[in-house]
Amino acid sequence: MTDSSIKTQCPYCGVGCGLEVSPPAAPGKAVNRDSQGNPVWKVKGDRHHPSSQGMVCVKGATVAESIDRDRLRYPMLRESLDQPFRRASWDEALDLIANRLKTVCDESGANATCMYGSGQMQTEEYYVAQKLLKGCLGTNNFDSNSRLCMSSAVAGYVQSLGSDGPPCCYEDLDLTDCAFIIGSNTAECHPIVFNRLQKHHKRNHHVKLIVVDPRRTPTAEVADLHLAIQPGTDIDLLNGIGYLLLQWGEIDRSFIDECTSKFSDFAEVVQHYPPQEVAKRCGISAKEVELAARYWSESKRVLSLWSQGVNQSSEGTAKVCSLINLHLLTGQIGKPGCGPFSLTGQPNAMGGREVGGLAHLLPGYRSVSNAQHRQELEHLWQLPPGQISPSPGRTAWDIIRGLETGEVQFLWVVATNPAVSLPDLERVKAALAKSPFTVCQDAYYPTETTAYAHVLLPAAQWGEKTGVMTNSERVVTLCSAFRSPVGEAKPDWEIISQVARRIGFGNKFAFTSSAQVYAEYVQVTRDRPCDMTGLSHERLLADGPTQWPCPDRGNASPKRLYTDLRFPTADGRAKFSACHSQGLAEPADPEYPFVLTTGRLYGHWHTQTRTGRIDKIKQMHPEPFMEIHPRDARTLGIEDNQWVEVRSRRGIAQFPAKITSAIAPNTVFVPMHWGYLWADKSEANALTHPKSCPHSLQPELKACAVQIVPLAVK
Ligand code: SF4
């Protein structure tokens with residue numbers, strides 16, 4: 001445990017704010033305590049962190065309160081789900097896991113095993129997991145909750161630009177002439193990014209802010225133009241803006257000619273999107289479509305920001321590509337103040353992408369379907385040729401399907417809570433209950449998912465382990481430990497390495513520190529788009545947060561990607577990837593006449609595993625609710641705060657109604673944070689469906705058709 005302050009990154013959202021953490025008791029000062037009397041480490045924003053410059057939101061400011069609450073302190077085992085857990089030693093638990101893993105691999109093949117991880121994992125932890133599953137075991141069945149978060153952004157970047165990786169940086173928030181925010185309630189979900197943008201917007205009258213969202217969110221409240229489109233009509237709007245820019249000749253012809261391909265395909269598609277037609281489909285006026293296009297055309301630098309409203313869609317990749325098309329059309333990429341900029345959900349989802357933490361990826365922005373990429377890693381990992389499978393592994397939803405069919409016989413869940421976060425929860429819970437063997441490796445107990453575990457492994461969490469995280473602008477921060485893990489908890493990289501050693505891969509997992517893991521990892525990024533061979537724990541500690549690419553050849557890396565206007569595609573050109581809108585996978589119909597949309601609140605984080613244990617945040621958001629438009633509430637005879645039952649084709653949930661014109665008619669909104677531990681029968685994902693984007697395989701968690709039934713006063 002350190003007795004001086006240390007620097008780290010906030011473990012919540014992908015903004016990745018820098019924090020400075022100091023001990024609960026400074027010399028001569030009173031001990032800082034929470035409401036239960038526990039000493040609490042003091043947290044403030046790190047003024048020297050390049051991404052956040054000292055700013056911090058309520059989540060970051062209160063995170064230290066959660067460290068000691070409801071922790072899993074030692075390994076626990078049980079034979080079956082109807083038995084209580086009993087305490088076990090690490091040796092017993094790790095031997096059991098290793099033996100079971102070997103048996104399943106021997107009897108049913110490595111593809112019967114799966115690991116489901118999370119953007120909470122540090123880069124080193126992701127790396128050892130990829131090396132064990134994709135390398136040593138020979139199965140690509142590692143997926144993470146990033147599948148639910150930004151896999152459409154990954155697929156869209158790859159399809160349009162040739163590689164994943166947001167091309168922009170936060171400095172662009174200070175330089176843009178027009179911020180186009182689509183499918184993101186940035187003010188609540190990425191507050192420090194929004195603060196920075198809002199300051200720029202307020203100071204500079206020429207700067208425009210366009211917000212595209214079916215809800216009038218706090219982000220939309222301060223916009224110059226709020227386009228409250230119908231859920232599922234994003235592509236119509238984007239193609240409609242493209243139509244007008246093309247009609248007006250407000251395009252960058254030389255960029256299109258010299259740096260892009262497939263422009264004529266795009267021009268052919270968007271000619272079907274005149275403003276009147278787009279307005280009708282989107283439920284807004286033609287004037288609003290024209291004004292959005294006008295703001296684009298009058299701005300030299302348009303910065304597009306997006307998040308789950310675009311990604312969590314059955315056509316998520318197409319939405320991302322349609323947005324990138326507008327940047328290619330206007331040549332607004334690779335330059336200050338403009339470009340397509342996805343906002344990452346998790347604190348290290350970017351690190352997970354770099355290290356191949358999705359079922360179709362390999363470390364160093366490689367793909368399992370690329371023979372050369374597989375060979376490169378087999379060489380680096382000293383594996384026999386052909387060891388890495390060319391088949392993509394099971395995605396989050398495929399793991400559930402595999403449990404249902406019995407094809408998955410070993411499930412290892414690390415730092416995530418699928419019994420709240422996956423869609424169609426009744427089906428998910430039934431599948432988890434069928435799992436023959438589930439390991440749950442988490443810092444907290446209970447979570448909704450630990451109810452389905454046979455083995456619980458206590459993981460060290462933020463502040464108790466040292467490792468690296470990358471934020472949305474590719475800034476890599478060393479997150480230093482400042483205290484010892486509670487109880488017998490261990491860092492995830494160490495737990496995974498210990499299992500690997502027990503099943504015979506000792507020479508490949510002889511790591512004794514996360515710094516060693518990181519040193520090996522950066523070598524696999526050599527000459528890749530995310531080259532970070534110049535980084536090490538030592539350098540990050542000495543120099544502070546550093547942006548990639550950062551090769552070991554010295555020189556500061558460029559802040560933005562594609563500044564030379566060359567793209568990592570076969571012909572060096574970015575590709576227009578145009579398509580027609582398919583709409584929602586499950587639109588409203590006479591039987592289920594409302595569209596449910598889900599989202600996040602300012603204080604809570606995901607499934608509340610941490611924030612549900614922080615007093616201030618619980619007071620801020622004491623219970624879930626359902627927003628409904630006054631007109632719909634009147635029609636259904638619903639009063640404010642009256643409980644309603646929301647029914648979809650898959651499940652039922654109950655909420656108090658919040659009547660507000662912030663939500664459009666025929667649409668209702670429910671926050672996604674509550675699992676049954678926090679509010680029984682108010683699980684948003686009991687209602688949602690698993691239909692996914694065919695390219696990113698990201699489920700459409702944002703929208704489904706529902707009925708609303710008022711309940712008698714509770
Ligand atoms: Fe943490 Fe995100 Fe808040 Fe920054 S904006 S303090 S990273 S939750």
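Residues numbered from 1 in each chain as written. Predicted model: local features only at pLDDT ≥ 70, side-chain atom pairs only at ≥ 80, totals over all residues.

- As named in an unreviewed UniProt entry, the chain is Nitrate reductase, taken from Aliterella atlantica CENA595.
- Under the Sequence similarities (unreviewed entry) heading, UniProt states for the chain: "Belongs to the prokaryotic molybdopterin-containing oxidoreductase family. NasA/NapA/NarB subfamily." (UniProt positions renumbered as here; feature names shortened; annotations may be inferred.)

Considerations on the overall build of the chain
Okay, so step 1: A tally of helices and strands in the chain yields 24 helices and 28 strands.
Okay, so step 2: For 714 residues, the compact-globule estimate of 2.2 N^0.38 gives 27 Å, and the C-alpha radius of gyration of the chain, at 24 Å, lies within 12% of that figure.
Okay, so step 3: Dimensions along the principal axes, computed over C-alpha positions, put the chain at roughly 70 × 65 × 60 Å.
Okay, so step 4: Relative to its 714 residues, the chain shows a buried fraction of 60%. (Helix = DSSP H or I, 4+ residues; strand = E, 2+ residues; numbered from the N terminus. Rg over C-alpha atoms; globule rule 2.2 N^0.38 Å. Buried ≥ 20, exposed ≤ 12 C-beta atoms within 10 Å, placed from the backbone.)

A short note on helix α16 (residues 371–380)
Okay, so step 1: Taken together, the buried positions of α16 are occupied by His373, Arg374, Glu376 and Leu377. Seen end-on, α16 carries its buried residues on one side only, within an arc spanning 160°. For α16, the exposed residues lying more than 90 degrees away from the buried face are Ala371, Gln372 and His379.
Okay, so step 2: Tucked inside the fold, the buried residues of α16 contact α3 (123–137), β14 (361–362) and β15 (366–367).
Okay, so step 3: Of the residues trailing α16, Gln382 is marked for its positive phi of about 55°. (Arc of directions from axis to C-beta. Contact = placed C-beta atoms within 7 Å.)

Some points on unusual backbone geometry
Okay, so step 1: Each neighbour pair has its own omega, and for Tyr445 with Pro446 the value is 0°, a cis peptide bond.
Okay, so step 2: Structurally, Pro446 is set in the loop between β17 (438–442) and β18 (455–458).
Okay, so step 3: The linkage connecting Trp548 with the following residue, Pro549, adopts the cis geometry, with an omega of 5°.
Okay, so step 4: Within the secondary structure layout, Pro549 lies in the loop between β21 (546–547) and β22 (574–575).
Okay, so step 5: Backbone geometry at Arg474 places phi at a positive 70°, although glycine is not the residue there.
Okay, so step 6: Examined against the element boundaries, Arg474 turns out to sit in the loop between β19 (467–470) and β20 (475–479).
Okay, so step 7: Residue Arg474 is classed as buried on the basis of its 27 C-beta neighbours within 10 Å.
Okay, so step 8: You will see that Leu565, though not glycine, has its phi angle at about 60°, which is positive.
Okay, so step 9: Following the sequence through the fold, Leu565 ends up in the loop between β21 and β22.

Topic: the site of the ligand
Okay, so step 1: Near the ligand there are 14 residues, and of these Cys10, Cys13, Cys17, Cys57 and Gly60 occur at the shortest range.
Okay, so step 2: Mapped by element, the contributors of at least two residues to the shell around the ligand are α1 (58–62) and α6 (191–203).
Okay, so step 3: In terms of residue class, the shell around the ligand is built from nine nonpolar, four polar and one charged.
Okay, so step 4: A domain split of the shell around the ligand shows at least three residues from each of domain 1 (6–66) and domain 3 (151–342). (Near = placed C-beta within 6 Å. Nonpolar A, V, L, I, M, F, W, Y, C, P; charged D, E, K, R; others polar. Domains from an automatic or database assignment.)

With respect to the environment of Ser391
Okay, so step 1: By secondary structure assignment, the location of Ser391 is in the loop between α16 and α17 (396–405).
Okay, so step 2: Overall, the presence of 13 C-beta atoms within 10 Å leaves Ser391 in the partly exposed class.
Okay, so step 3: Distance in space between the C-alpha atoms of Ser391 and Ala110 is 13 Å, their sequence separation being 281 residues.

Details of the sheet that holds strand β1 (residues 6–9)
Okay, so step 1: Across the sheet, which stays open at both edges, the three strands sit in the order β1-β2-β3 with antiparallel pairing between neighbours. The open sheet has two edge strands, β1 and β3 (42–45), and neither has a second partner. Pairs of neighbouring strands in the sheet enclose a mean axial angle of 35°, with direction left out of account. (Pairing = 2+ DSSP bridges. Axes fitted to C-alpha atoms, helices over the stretch in contact; angles between N-to-C directions.)

Re the domain arrangement of the chain
Okay, so step 1: Per the domain assignment, the segments of the chain are domain 1 (6–66), domain 2 (76–146 + 347–458 + 491–527), domain 3 (151–342) and domain 4 (594–710).
Okay, so step 2: Each of domain 1 and domain 2 has a C-alpha centre, and these two points are 30 Å apart.
Okay, so step 3: Contacts between the two partners involve seven residues from domain 1 and, on the opposite side, four residues from domain 2.
Okay, so step 4: Here the residues of the side of domain 1 that touches domain 2 are counted per class, giving four nonpolar, three polar and no charged.

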